[in-house]
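Observations on the three-dimensional arrangement
Chain residues, written in single-letter form:
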Amino acid sequence: MDSDTLQVFQSELTCSICMNCFLDPVTIDCGHSFCRPCLSLCWEESQTPRSCPECREIPEWSDFKTNIALKRLASLARQARADHDHSSEEQICVTHQEAKGLFCEADQTLLCGPCSERPEHAAHSHSPIHRAAEESREKLVKRMRTLWKLREEMKISLNQEANKTQSFENYVALRKAMITVQYQRIPLLLHEDEKMHLEALEQEAKEICQQLKGSVFTMTEQAESMRERYRELTEMCHKPDMELLQVRKEDPSSERETVF
Ligand SMILES: [Zn+2]
Ligand SMILES: [Zn+2]
Ligand SMILES: [Zn+2]
Ligand SMILES: [Zn+2]
């Protein structure tokens, strides 16, 4: 592919939110496509109703399927870009003077052909850099989906908890009004009791409210850190092949099976 065609090809497969090649692309009602993570984060942050970031049309659905054709084309575009940039990024094996074109999953290193045939690698699976990077992206995307789902569930519980706090506060206000009304019917002499009664109620209510607010606070923080993790993973996926594989090499936490 000559570089003009490559440019056209790539611009058609560029997400207008992140300006990178599509990652887990979805096509919304108006026909415009975006990376799923970019759209999720963009909608999460906007105060207005969910509309297309390009034409502002409001989609009826929000449960989008991955556009598989676009996803394959985006992978090809990344491959073309990698081939194009290859010379600058390519690493040469000192022993064999050959390009290190294979990625060893087990050792998380790059190898040249002859190196990959050495006995210590006999039991490993080695794949070309681009394929290894795409597989790594695919795994990250899966984890991100789980993470986002957990976050959505967390937001629902958070809303419920916030509602609970609100109804509890309403209930306390009502109880106070009832106590005052009750004491209005009895002799003035007992009004010291009313004060004590109200104070006891207030004290108890304060403790419960603090507990409720504490749990709302913790959940808000958790939802927040889940979103940050999601953003980090999105950025990681958008990195060039070599960098993505190197990130995995340097960051052992990315190998953990858990989502955070
Ligand atoms: Zn994007
Ligand atoms: Zn649109
Ligand atoms: Zn070698
Ligand atoms: Zn190996």
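Just so we're clear, the structure is a prediction, and the values are computed from it rather than from any experiment.

The rules behind each value
Residues numbered from 1 in each chain as written. Chains lettered and ligands numbered in written order. Predicted model: local features only at pLDDT ≥ 70, side-chain atom pairs only at ≥ 80, totals over all residues. Heavy atoms only, no water. 1 Å grid on protein atoms, 1.4 Å probe; cavity = no way out; pocket = protein on both sides within 12 Å on 5 of 7 lines; lining within 4 Å. Points joined across faces, edges and corners; volume = space filled by probe spheres on them. Domains from an automatic or database assignment. Helix = DSSP H or I, 4+ residues; strand = E, 2+ residues; numbered from the N terminus. Nonpolar A, V, L, I, M, F, W, Y, C, P; charged D, E, K, R; others polar. Buried < 20%, exposed > 50% of the residue type's maximum accessible area, 1.4 Å probe, protein only. Contact = heavy atoms within 4.5 Å. Donors = N, O, S within 2.8 Å, 3.2 Å for Na, K, Ca; no water. Tetrahedral: all angles 85-135°; square planar, octahedral: opposite > 155°, others 65-115°. Salt bridge = Lys/Arg side-chain N within 4 Å of Asp/Glu carboxyl O. Pairing = 2+ DSSP bridges. Axes fitted to C-alpha atoms, helices over the stretch in contact; angles between N-to-C directions. Buried area = accessible area lost by both parts, 1.4 Å probe. Polar contact = N/O pair within 3.5 Å; in protein donor to acceptor, adjacent residues only side chain to side chain.

Points about the layout of surface pockets
Looking at the largest pocket, its volume works out to about 510 Å³. For the lining of the largest pocket, the domains that each give at least three residues are domain 1 (1–89) and domain 2 (125–260). By volume, the second largest pocket is sized at about 410 Å³. Residue lining of the second largest pocket: 19 residues in total, with Gln10, Asn20, Cys21, Arg78 and Arg81 positioned closest to the centre. Every element with two or more residues in the lining of the second largest pocket is listed here: helix H1 (3–12) and helix H3 (68–89). It is H3 that provides the largest number of residues to the lining of the second largest pocket, a total of six residues. Of the residues belonging to the lining of the second largest pocket, the class tally is six nonpolar, six polar and seven charged. Domain assignment of the residues forming the lining of the second largest pocket places at least three in each of domain 1 (1–89) and domain 2 (125–260).

Overview of the side chain of Thr234
Checked against the element boundaries, Thr234 lands in helix H6 (residues 191–237). Judged by its relative accessible area of 5%, Thr234 falls in the buried class. Excluding its chain neighbours within four sequence positions, the residues that come into contact with Thr234 are Pro37, Leu41 and Met144.

A few points about the coordination of the zinc ion (ligand 1)
Only Cys15 (SG), Cys18 (SG), Cys35 (SG) and Cys38 (SG) from the protein reach the zinc ion (ligand 1) as donors, at distances of 2.3 Å. With four donor atoms in place around the zinc ion (ligand 1) and angles of 104 to 121° between them, the coordination shape is tetrahedral. Counting along the primary sequence, the residues that act as donors to the zinc ion (ligand 1) give the motif C-x2-C-x16-C-x2-C. Of this pair, Cys15 sits in the loop between H1 and strand S1 (25–27) while Cys35 sits in strand S2 (residues 33–35), and the two are 20 residues apart along the sequence. The class of Cys15 is buried, set by a relative accessible area of 0%. With a relative accessible area of 0%, Cys35 lands in the buried category.

Quick notes on the pattern of salt bridges
Evaluated as defined, the whole model comprises 17 salt bridges. Linking Glu105 and Lys139 is a salt bridge whose minimum nitrogen-to-oxygen distance equals 3.7 Å. Of this pair, Glu105 sits in the loop between strand S3 (102–104) and strand S4 (109–111) while Lys139 sits in helix H5 (residues 129–184), and the two are 34 residues apart along the sequence. You can call Glu105 partly exposed: its relative accessible area is 28%. The partner of Arg137 in a salt bridge is Glu134, with the nearest N and O atoms 2.5 Å apart. On the criterion of helical spacing, the pair formed by Arg137 and Glu134 is a turn pair, its members being three residues apart in helix H5. As far as the burial class goes, Arg137 and Glu134 line up, both buried.

Some points on the sheet that holds S4
The three strands are arranged S4-S3-S5 in an open sheet whose pairing can be described as antiparallel. A strand with exactly one partner marks an edge of an open sheet, and here the two such strands are S4 and strand S5 (126–128). For this sheet, the mean inter-axis angle between neighbouring strands, taken without regard to orientation, is 40°. Bridge analysis of S3 against S4 gives three bridges, and the strand direction is antiparallel. The residue bridging Cys104 from the neighbouring strand is Thr109, located in S4. Along the sheet, H5 makes contact with S3, S4 and S5, crossing S5 at roughly 100°.

Considerations on the domain arrangement of the chain
Domain boundaries in the chain define domain 1 (1–89) and domain 2 (125–260). Centre-to-centre separation of domain 1 and domain 2, based on C-alpha positions: 30 Å. Opposite the 20 residues of domain 1 that make contact, domain 2 presents 20 residues. For the pair domain 1 and domain 2, the two sides together bury roughly 1,700 Å², of which 54% comes from carbon and sulfur. Taken together, the connections running from domain 1 to domain 2 amount to six salt bridges. Across the pair Arg145 and Asp24 runs a salt bridge whose closest N-O atoms are separated by 3.2 Å. At the boundary of domain 1 with domain 2, the tally comes to nine residue pairs in polar contact (both at pLDDT 80 or more). Looking at the side of domain 1 that touches domain 2, the elements that each hand over two or more residues are helix H2 (36–45) and H3.

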